[in-house]
Amino acid sequence: MTPDLKALKRELRSELIAARARLGAAERQAASQAIAGRLAALEPFRAAETVALYAPLGTEVDAAPAARAVLARGDRVVFPRSVPGQRRMAFCACAPEELVRGPFGAGEPPPGAREVPLPEIGCFVIPGIGFSRDGLRLGRGGGHYDVTLKQALGAFRVGVAFDLQLRPQLPREPHDVPLDAIVTERETLLFPRPEA
């Protein structure tokens, strides 16, 4: 990554985190509920027997309403755990209330939770700092989701964000894995996959 691109991404992250932090707790919760409702209308989300979710860090979209929807229909939720010494994540089956604080401060599955093979996951619901209207995601910079999603190419990949996190475009790098959809409280954006 060039120094200019690194600086641009750092500036974008600061700007978007600050914008998200200005949302009040009630506003954030209402928007998270609306996002969960839009997710529930997506056929790939509804059809997935195993859905990968996440525990929100800071002011990220709350994934709890989406988790409740998946569990209510009798399907399974899995949550990411960082793998020491690697950039990938392991996804483990556990109930949302069983999550424990991980090394990066986010809720992770407890040590005894069973890792679920990536091909069993039908849908990944992915947080981020920013998203573009052409299907890119700006994360925290570790590349963990990109590395993991490259190994789960058959799964549906949907980013969730507050509307204020959307940008017309984001800086693109060769390792970026594009999303199949982005859902905000106001809209659902769908992207066709490029032909292999």
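Everything numeric here is computed off the predicted structure, so don't read it as measured data. (Residues numbered from 1 in each chain as written. Predicted model: local features only at pLDDT ≥ 70, side-chain atom pairs only at ≥ 80, totals over all residues. Heavy atoms only, no water.)

## Notes on the layout of surface pockets
Roughly 780 Å³ of volume is contained in the largest pocket. If you go around the largest pocket, you meet 36 residues; those closest to its centre are Arg137, Arg140, Gly141, Gly142 and His144. Secondary-structure elements contributing two or more residues to the lining of the largest pocket are helix H1 (3-21), strand S2 (76-82), strand S5 (107-108), strand S8 (137-138) and helix H5 (144-149). Among the elements that line the lining of the largest pocket, the one with the most residues is H1, at four residues. Residues belonging to the lining of the largest pocket are distributed by class as follows: 13 nonpolar, 10 polar and 13 charged. (1 Å grid on protein atoms, 1.4 Å probe; cavity = no way out; pocket = protein on both sides within 12 Å on 5 of 7 lines; lining within 4 Å. Points joined across faces, edges and corners; volume = space filled by probe spheres on them. Helix = DSSP H or I, 4+ residues; strand = E, 2+ residues; numbered from the N terminus. Nonpolar A, V, L, I, M, F, W, Y, C, P; charged D, E, K, R; others polar.)

## Looking at the packing of aromatic side chains
All told, the structure shown has one aromatic pair when counted by the stated rule. Aromatic side chains Phe91 and Phe124 sit 5.3 Å apart centroid to centroid with 85° between the ring planes, which places their arrangement in the edge-to-face category. Residue Phe91 is located in strand S3 (residues 89-93), and its partner Phe124 is located in strand S6 (residues 123-126); the two are separated by 33 residues in the primary sequence. Each member of the pair, Phe91 as well as Phe124, is classed as buried. Above the face of the Phe45 ring, Arg73 is positioned so that its terminal group lies 5.0 Å from the ring centre. (Phe/Tyr/Trp six-rings, centres within 6.5 Å; stacked < 30°, edge-to-face > 60°. Buried < 20%, exposed > 50% of the residue type's maximum accessible area, 1.4 Å probe, protein only. Lys NZ or Arg CZ within 6 Å of the ring centre and 35° of its normal.)

## A closer look at empty space enclosed by the protein
Gaps between atoms show up when a probe of the same size as a water molecule is rolled over them. A full pass over the atoms with the stated rule returns one cavity of 30 Å³ or more. A volume near 40 Å³ is recorded for the largest cavity. Lining the largest cavity, in full, are Ser32, Ile35, Ala36, Leu39, Tyr54, Val61, Asp62, Ala63, Ala66, Val125 and Val160. When residues in the lining of the largest cavity are grouped by element, the largest group, four residues, is from helix H2 (residues 25-40). Tallied by class, the residues present in the lining of the largest cavity amount to nine nonpolar, one polar and one charged.

## Quick notes on the environment of Gln29
Relative to the elements of secondary structure, Gln29 occurs in helix H2. For Gln29, the contacting residues outside a window of four places in its chain are Asp62 and Pro65. Polar contacts involving the side chain of Gln29 include one to the side chain of Asp62, which spans 3.5 Å. (Contact = heavy atoms within 4.5 Å. Polar contact = N/O pair within 3.5 Å; in protein donor to acceptor, adjacent residues only side chain to side chain.)

## Quick word on the sheet that holds strand S10 (residues 166-167)
The strand order S8-S7-S10 describes an open sheet built from three strands, whose pairing is mixed. Taken across any chain shown, the strands that pair with only one partner, and hence form the sheet edges, are S8 and S10. Note that strand S7 (residues 130-132) and S8 share two bridges and pair antiparallel. The residue bridging Phe131 from the neighbouring strand is Arg137, located in S8. (Pairing = 2+ DSSP bridges.)

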